[in-house]
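# Chain and residue survey
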Amino acid sequence: MTQDWSARYAALVGGDRSALEAPLPTGDWHAPFALERTLRLGAEVPVGEPASPLARARWAESALRVAIASQAPMPAPEESVDERSVLVAELSRAWAAWYRGTSVDAEALSRQAAALRLPSLAIEAMSLRALLSLQRGELDEALRRARQASRMGRADGIPFAEILANLVLARVRRHVGQPYRALRILAALERYAPPIWRSWLGWEALMAGQWSGPSSFLRDAVHSAGAGEPTQVHEGFRNLALESRSVAHQQDAAGARALLLSEASETLIPWQQGHVHDLPAELRGLSFASSSATGVELHAWVAVGPEGARRIPHAAAGLARADGFVSQTLAAKPRVDAGLALLALASAPIDKPSYFKELYGFTFEPPLHRAMLSVHLGRVRTRLGSRGELVSEEGQLQVRFRERALLPDPRCVEPLPARTLRMLAKHSRGLAAKTLASQLHIPLRTAQRALRELVEEGSLVSQSEGRAVTYLLEDTTFSEPTMSRVFPPDGLTP
């Protein structure tokens, strides 16, 4: 029986979809649970002909259709079944609960796997606990458990478990506002993980800001938004809604849709209205996703017109242009653009002291700063041009727009340290300061200073080879697997 399942798994890894269409073997009832978990965690393997071209069979339905698709109960283990098989069944139930967004306590599963000395299941249980903590919004606990699972995977060297643990770590890193660390992990996994993992890897990479991985409806929607094709964007999200995904991935898709289509969202409204300048952590990376080889520095624009204003991500700028908004390039004096964006997003006139404090960061003193503010406002008027007028009455400032415009918002420009980390995340072997300066289009001395500061704070490490110095992204948890680490079908089922 074990050989039967190993052969079937080997066929799936090689892309043989017919392996799923064969009847499920009987007798060793826990084996389907193991294969089902493997598929449901990483596969995008259609089974036969889908009911609709849009309703492709996804990992949840690809195996154990009784447990997930029909929601029927799992078969109860017989008294003669060994403890390991019972644990596999309980893990399958716990994964199914996470998939549906149901709260479940998996701590006992970790203890049981450790007591039975089953490292693969112990790593899997810890990874699941990290995802469940993330589902509950317990970010610190999710990161702690994900890091622990990653270290366990590295120590035991079990390929399936190691991929799972590090993929979970990447997902948690993204949610805690470290998309660059997520990209570092995903880029390494992508080089050696088998095909059945590519769907989830590509999803996480795109959400973290890396345009890579297999084609997907999410990628189609993001690409169409950048290309200014609203019909295709809506079609992409409709297709996503028809796919069977975990609740966690459905939430990803909902956040991406709200971001790209400027839909009302409790977490996005403060950013859309300009009250905060950082996107929610889980969406921060997606705002930089671009099919362009040059990448993105500015992740936010203000789409403004007679009807009002809203902040949009760079990824949705194409949609705004298609809707008649005319782009304005980033000015040589960013504070002028920042002031214009501030006034455009204001729901009411702003008094001059508040405007000055928001823009310059210190209190307005009329004898000292009146001339400075007057010069600045003159530049804002010049920058505004014929698109509207700057009104200054009784110490209040307001901009009235006559035309639709797409204004850059420099307050959302990615800081140089973050740009540096994101660039180095794409280069596992590191970069020299000169190469980094060239790719970021900044002076060499600026790049050297940024690198030195990041090394001092522990985010980067430097390696010297002769006179050459290379800088690499440091991750105290993740360790890149060696390319000799293969993914054998034997021994993958617990």
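Within each chain, residues carry numbers counting from 1 in the order of the written sequence. Where totals are concerned, whole chains, interfaces and linings use all residues; where local detail is concerned, this predicted model gives features only for residues with pLDDT of at least 70, and gives and counts side-chain atom pairs only at 80 or more. To get the side-chain values, all heavy atoms of the structure are used, and hydrogens and water are removed first.

### Regarding the pairing of strand β5 (residues 388-393)
Here is the rule: Pairing between strands is defined by DSSP: at least two bridges between them are needed. Helix and strand labels come from DSSP, where a helix needs a run of H or I of at least four residues and a strand needs a run of E of at least two; each type is numbered from the N terminus.
As defined by bridge partners, β5 adjoins strand β6 (residues 396-401) across six bridges and the pair is classed as antiparallel. For valine 391, the partnering residue across the bridge sits in β6 and is glutamine 398. Joining the antiparallel neighbours β5 and β6 is a turn of two residues, in which glutamate 394 adopts a positive phi near 50°.

### Description of the nonpolar core
The tendency in soluble globular proteins is for nonpolar side chains to be buried side by side. Here is the rule: Think of a nonpolar core as a cluster: buried Ala, Val, Leu, Ile, Met, Phe, Trp, Tyr and Cys residues, connected wherever their side-chain atoms sit within 4.5 Å. Three labels apply to residues, based on accessible area from a 1.4 Å probe with only protein chains included: buried if under 20% of the type maximum, exposed if over 50%, partly exposed otherwise in between.
Counting 62 residues, the largest nonpolar core has Trp98, Leu128 and Trp197 as its most contacted members. Among the nonpolar cores identified, the runner-up in size contains 29 residues, and Leu218, Ala221, Ala258 and Leu286 belong to it.

### Focus: the side chain of threonine 420
Basically, it comes down to this: Contacts were defined at the residue level, with two residues in contact if any of their heavy atoms lie within 4.5 Å.
Turning to its location among the elements, threonine 420 is positioned in helix α21 (residues 416-425). Not counting residues within four places of it along the chain, the set of residues in contact with threonine 420 comprises Leu436, Leu440, Ala450, Leu451 and Leu454.

### Concerning the packing of aromatic side chains
Here a ring pair, both rings aromatic, is described through the centre-centre distance and the interplanar angle of the planes. Operational definition: Think of it this way: a Phe, Tyr or Trp ring, Trp meaning its six-membered ring, pairs with another when their centres are within 6.5 Å, and the plane angle makes it stacked under 30 degrees, edge-to-face over 60, tilted otherwise.
Tallied over the entire structure, the rule returns five aromatic pairs. An aromatic cluster is defined as three or more aromatic residues linked by ring pairs; in this entry it consists of Phe356, Tyr360, Phe362 and Phe364.

### Description of the sheet that holds strand β2 (residues 308-313)
Within a beta sheet, neighbouring strands are joined by backbone hydrogen bonds and run either parallel or antiparallel to one another. Read from one edge to the other, the open sheet built from four strands follows the order β2-β1-β7-β3, with strand pairing classed as mixed. Looking at which strands have only one partner, the edges of the open sheet turn out to be β2 and β3 (326-327). Bridge count between strand β1 (residues 300-305) and β2: six bridges; the pairing is antiparallel. Across the sheet, residue valine 302 finds its bridge partner in β2, namely arginine 311.

### Concerning the side chain of histidine 175
Positionally, histidine 175 belongs in helix α9 (residues 159-175). Note on histidine 175: relative accessible area 15%, which makes it buried. Excluding residues within four positions of it along the chain, histidine 175 makes contact with Leu134, Leu139, Asp252, Ala281 and Glu282.

### Structural notes on the pairing of strand β8 (residues 460-465)
Bridging between β8 and strand β9 (residues 468-473) involves six bridges; their strand directions are antiparallel. Across the sheet, the residue bridging to leucine 460 is leucine 473, located in β9. With antiparallel pairing between neighbouring strands as the criterion, β8 and β9 make up a hairpin whose turn holds two residues, including glycine 466 at a positive phi of roughly 70°.

### Considering empty space enclosed by the protein
As a reminder of what qualifies: A pocket here means an open set of points on a 1 Å grid, computed over the protein atoms alone, that has protein on both sides within 12 Å along at least five of seven lines. A cavity is instead a set of points where a 1.4 Å probe fits but cannot get out; residues with an atom within 4 Å of a point line either one. Grid points are joined across faces, edges and corners, and a volume is the space filled by probe spheres set on the points. In the scheme used here, Gly and all other residues not listed as nonpolar or charged are polar, with Ala, Val, Leu, Ile, Met, Phe, Trp, Tyr, Cys and Pro taken as nonpolar and Asp, Glu, Lys and Arg as charged.
Tallying each qualifying case throughout the model produces three cavities of 30 Å³ or more. Of the pockets and cavities examined, the largest cavity occupies roughly 80 Å³. At the level of secondary structure, the elements contributing two or more residues to the lining of the largest cavity comprise α11 (198-208) and α12 (217-227). The biggest single contributor to the lining of the largest cavity is α11, with four residues. For the lining of the largest cavity, the class distribution of residues is four nonpolar, five polar and three charged.

### Quick look at the sheet that holds β6
Spatially, the three strands line up as an open sheet ordered β4-β6-β5, and their pairing is antiparallel. For this open sheet the edge positions go to β4 (350-351) and β5, each flanked by a neighbour on one side alone. Two elements, β4 and β6, share two bridges in a ladder whose sense is antiparallel. Following the sheet pairing, aspartate 351 is matched in β6 by glutamine 396.

### Some points on helix α7 (residues 119-135)
Basically, it comes down to this: Helix span, as expected, comes to 1.5 Å for every residue beyond the first.
Taking 1.5 Å as the rise per residue, α7 with 17 residues should run 24 Å; its terminal C-alpha atoms sit 24 Å apart, in good agreement. Just downstream of α7 lies glycine 137, where phi reads positive at about 80°.

### Remarks on the environment of glycine 236
Along the chain, glycine 236 turns up in helix α13 (residues 230-242). Given a relative accessible area of 4%, glycine 236 falls into the buried group. The spacing of glycine 236 and arginine 219 is 17 residues in sequence and 8.4 Å in space, taken between C-alpha atoms. Setting aside residues no more than four positions away along its own chain, glycine 236 makes contact with Phe217 and Ala221.

### Concerning the confidence of the model for the chain
Note the threshold: By definition, pLDDT measures how confident the predictor is in each residue, and it falls between 0 and 100.
Summary statistics for the chain give a mean pLDDT of 78 and a share of 77% for residues scoring 70 or more. pLDDT under 50 marks residues 19-81. Its contacts with residues more than four places away, or in other chains, come to 137 contacts.

### Focus: helix α8 (residues 139-156)
In this model α8 runs 26 Å from its N-terminal to its C-terminal C-alpha over 18 residues, within 8% of the 26 Å that 1.5 Å per residue would give. Along α8, the residues that are buried comprise Ala142, Leu143, Arg145, Ala146, Ala149, Ser150 and Gly153. In this structure, the buried side of α8 is in contact with α7 and α9. Two residues or fewer past α8, glycine 157 is found with a positive phi of approximately 60°.

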